[in-house]
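Single-letter residue listing:
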Amino acid sequence: MEPDFPLRKIIHVDMDAFYASVEQLDNPDLRGKPIAVGGSSQRGVVSAASYEARKFGVRSAMSSVIAKRNCPELIFVKANFDRYKEISRAIRQIFYDYTDLVEPLSLDEAYLDVTVNKKGNPSATLIAQEIRQRIFDELHLTASAGISINKFIAKVASDYNKPNGQKTVNPEEVIQFLEDLEIRKFYGVGKVTAEKMYKLGIFTGKDLKTKSLEFLDEKFGKSGSYYYHVVRGIHNNEVKPHRIPKSVGAERTFSENLSSEIFMLERLEHIAQELERRLKKSKIAGKTITLKIKYSDFTLQTRSKTLPYFISDKDLIIETAKDLLYQDNLENSVRLLGISLANLNTEKKETKKEDNEVLVQLQFDF
């Protein structure tokens, strides 16, 4: 092993059915029942589902109509994001008792680097247990955790013993763990990519490991290098306490499909106004505007344009979004429109080193 190989002690904490669990916590009548956070209307979408609902196949991002069909006893609850944020802040305060190296991914999950920690505890496994116990004792919610040498493996491991469990992948177990891992469980491999890998004879990490970097680059483009390295236990991304957003956006799903571009422009005005508010609140501007269009048959289309200057003003955003809307004919009636801004003025250009290290076994107290 290279002497500067960044072997760390990383914990990934993931709250269990967070939104739904908070609703059940606040309303005892909902406990033990299948609930979905989201709208129950014909156009509604499930934001989160309790474990009782998941037994019936109810999942986040599922149409409310399909969710109700799968589980006739399903109870819909309106989302209360102010409450979720309040609980999330309390959870993070617990994290900060152990380390300042906390990287939130969302309200309900985060990475913690405890290689050096405030408790002086050499065991990341014991720290994870203690954090989960405190979340339960102080907030009456359950969390799961994954513990390993880098962020990729920790995130994969946190899903292993859900709900209310944890899994540690020790350094000497990493290679075997990754070789045995089903390819669909690799973080960053979605449904479409998994299907493509199956057709290439890649079903497990061991299968993936037989493929050369050149082969993976050819088949998967810039993601090829990522797959090549993570299956070898190489993922050197640090836990970043202050994550810099790569894009900022706003979108709306409509109660009725829109087929008139005039009505769409009216909706885009409101979306651009919300986007401007978010940008100015964060003091962010960007150059690349993307218009997101979801049609009534759920197919998705994006159209982008990069400007030679940074913008955050609503009028400039809507002017470009309008050009993108008229760029090509619409394929169908529209159920959702969104505008996002990328290529932000917060991005830093970094020179990346090639990851040529190979992971080998060593002793490291987890």
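Residues numbered from 1 in each chain as written. Predicted model: local features only at pLDDT ≥ 70, side-chain atom pairs only at ≥ 80, totals over all residues. Heavy atoms only, no water.

### What about the sheet that holds strand 2 (residues 35-38)?
Part 1: An order of 3-2-4 is seen for the three strands of this open sheet, with the pairing classed as mixed. Each edge of the open sheet is held by one strand with a lone partner, namely strand 3 (46-49) and strand 4 (75-77). Looking at each pair of strands side by side, their axes are set apart by 30 degrees on average, direction ignored.
Part 2: Two elements, strand 2 and strand 3, share three bridges in a ladder whose sense is antiparallel. Its bridge partner being in strand 3, Ala36 is matched across the sheet by Ala49.
Part 3: Strands strand 2, strand 3 and strand 4 of the sheet are contacted by helix 1 (residues 18-26), whose axis makes an angle of about 110 degrees with strand 2. (Pairing = 2+ DSSP bridges. Helix = DSSP H or I, 4+ residues; strand = E, 2+ residues; numbered from the N terminus. Axes fitted to C-alpha atoms, helices over the stretch in contact; angles between N-to-C directions. Contact = heavy atoms within 4.5 Å.)

### Considerations on helix 13 (residues 314-325)
Part 1: When the terminal C-alpha atoms of helix 13 are compared, their 16 Å separation across 12 residues agrees well with the 16 Å that a helix rising 1.5 Å per residue should span.
Part 2: Listed as buried for helix 13 are Lys314, Ile317, Ile318, Thr320, Ala321, Leu324 and Leu325. Buried positions in helix 13, seen along its axis, are confined to an arc of 165 degrees and lie on one side of it.
Part 3: Of the surrounding secondary structure, the elements contacted by the buried residues of helix 13 are helix 12 (261-282), strand 10 (286-295), strand 11 (300-311) and strand 12 (334-344).
Part 4: The distance from a side-chain oxygen at the start of helix 13 to the backbone nitrogen of Asp315 is 3.0 Å, and the residue carrying that oxygen is Asp313. (Expected span 1.5 Å × (residues − 1). Buried < 20%, exposed > 50% of the residue type's maximum accessible area, 1.4 Å probe, protein only. Arc of directions from axis to C-beta. Polar contact = N/O pair within 3.5 Å; in protein donor to acceptor, adjacent residues only side chain to side chain.)

### Some points on the environment of Glu52
Part 1: Assignment of secondary structure puts Glu52 in helix 2 (residues 51-54).
Part 2: By relative accessible area, Glu52 is classed as partly exposed at 23%.
Part 3: In the structure, Glu52 is positioned 20 residues away from Gly32 in sequence and 6.7 Å away in space, judged by C-alpha atoms.
Part 4: Excluding its chain neighbours within four sequence positions, the residues that come into contact with Glu52 are Gln24, Gly32, Lys33 and Pro34.

### Thoughts on the sheet that holds strand 6 (residues 109-113)
Part 1: Ordered by their spatial adjacency, five strands build an open sheet running 5-6-1-7-8, and the pairing between neighbours is mixed. Taken across any chain shown, the strands that pair with only one partner, and hence form the sheet edges, are strand 5 (102-106) and strand 8 (166-168). This sheet shows a mean twist of 15 degrees between the axes of neighbouring strands, independent of strand direction.

### What to know about the pattern of salt bridges
Part 1: In this structure the tally under the stated criterion is 18 salt bridges.
Part 2: The residue Arg8 makes a salt bridge to Glu238 at a minimum N-O spacing of 3.9 Å. Taken together, the positions of Arg8 in the segment before strand 1 (10-15) and Glu238 in the loop between helix 11 (223-230) and strand 9 (247-258) put the pair 230 residues apart, joining distant regions of the chain.
Part 3: According to the relative accessible area criterion, Glu238 is partly exposed, its value standing at 49%.
Part 4: Where Lys314 meets Asp315, a salt bridge forms, and the shortest distance between an N and an O atom there is 3.5 Å. (Salt bridge = Lys/Arg side-chain N within 4 Å of Asp/Glu carboxyl O.)

### Some details on the packing of aromatic side chains
Part 1: Applying the stated rule across the entire model yields 11 aromatic pairs.
Part 2: Plain terms: the ring middles of Tyr19 and Phe81 are 5.4 Å apart, the flat faces sit at 85 degrees to each other, and that makes the pair edge-to-face. Remark: Phe81 occurs in helix 4 (residues 81-96) and Tyr19 occurs in helix 1; sequence separation between them is 62 residues.
Part 3: Pairwise contacts between aromatic rings join Phe152, Phe186, Phe220, Tyr226 and Tyr227 into one cluster.
Part 4: One Lys or Arg, Lys196, reaches over the ring of Phe220 and ends 4.9 Å from the middle of that ring.
Part 5: Against the face of Phe310 rests Lys287, its NZ or CZ located 4.8 Å from the ring centre. (Phe/Tyr/Trp six-rings, centres within 6.5 Å; stacked < 30°, edge-to-face > 60°. Lys NZ or Arg CZ within 6 Å of the ring centre and 35° of its normal.)

### What about the confidence of the model for the protein?
Part 1: For the protein, mean pLDDT is 90; residues scoring 70 or higher make up 93% of the total.
Part 2: The model gives residues 349-364 a pLDDT under 50, and that stretch makes 27 contacts with residues more than four places away or in other chains. (pLDDT = per-residue confidence, 0-100.)

### Overview of the pairing of strand 12
Part 1: When you tally the buried positions in strand 12, you get eight out of 11 residues, the bulk of the element.
Part 2: When strand 9 meets strand 12, the two strands line up antiparallel, connected through eight bridges. Bridge pairing links Val248 to Leu341 in strand 12.

### Remarks on the nonpolar core
Part 1: Among the nonpolar cores identified, the biggest contains 32 residues, and Ile11, Phe18, Ile91, Phe95, Leu112, Ile131 and Ile135 are the most heavily contacted of them.
Part 2: If one sorts the elements of this core by residue count, helix 5 (residues 124-139) sits on top with six residues.
Part 3: With residues up to four places along the chain from it excluded, the contact list for Ile131 reads Ile94, Phe95, Tyr98 and Leu112.
Part 4: By size, the runner-up hydrophobic cluster in this structure holds 28 residues, among which are Ala250, Leu258, Leu324 and Leu325. (Core = buried A, V, L, I, M, F, W, Y, C linked by side-chain atoms within 4.5 Å.)

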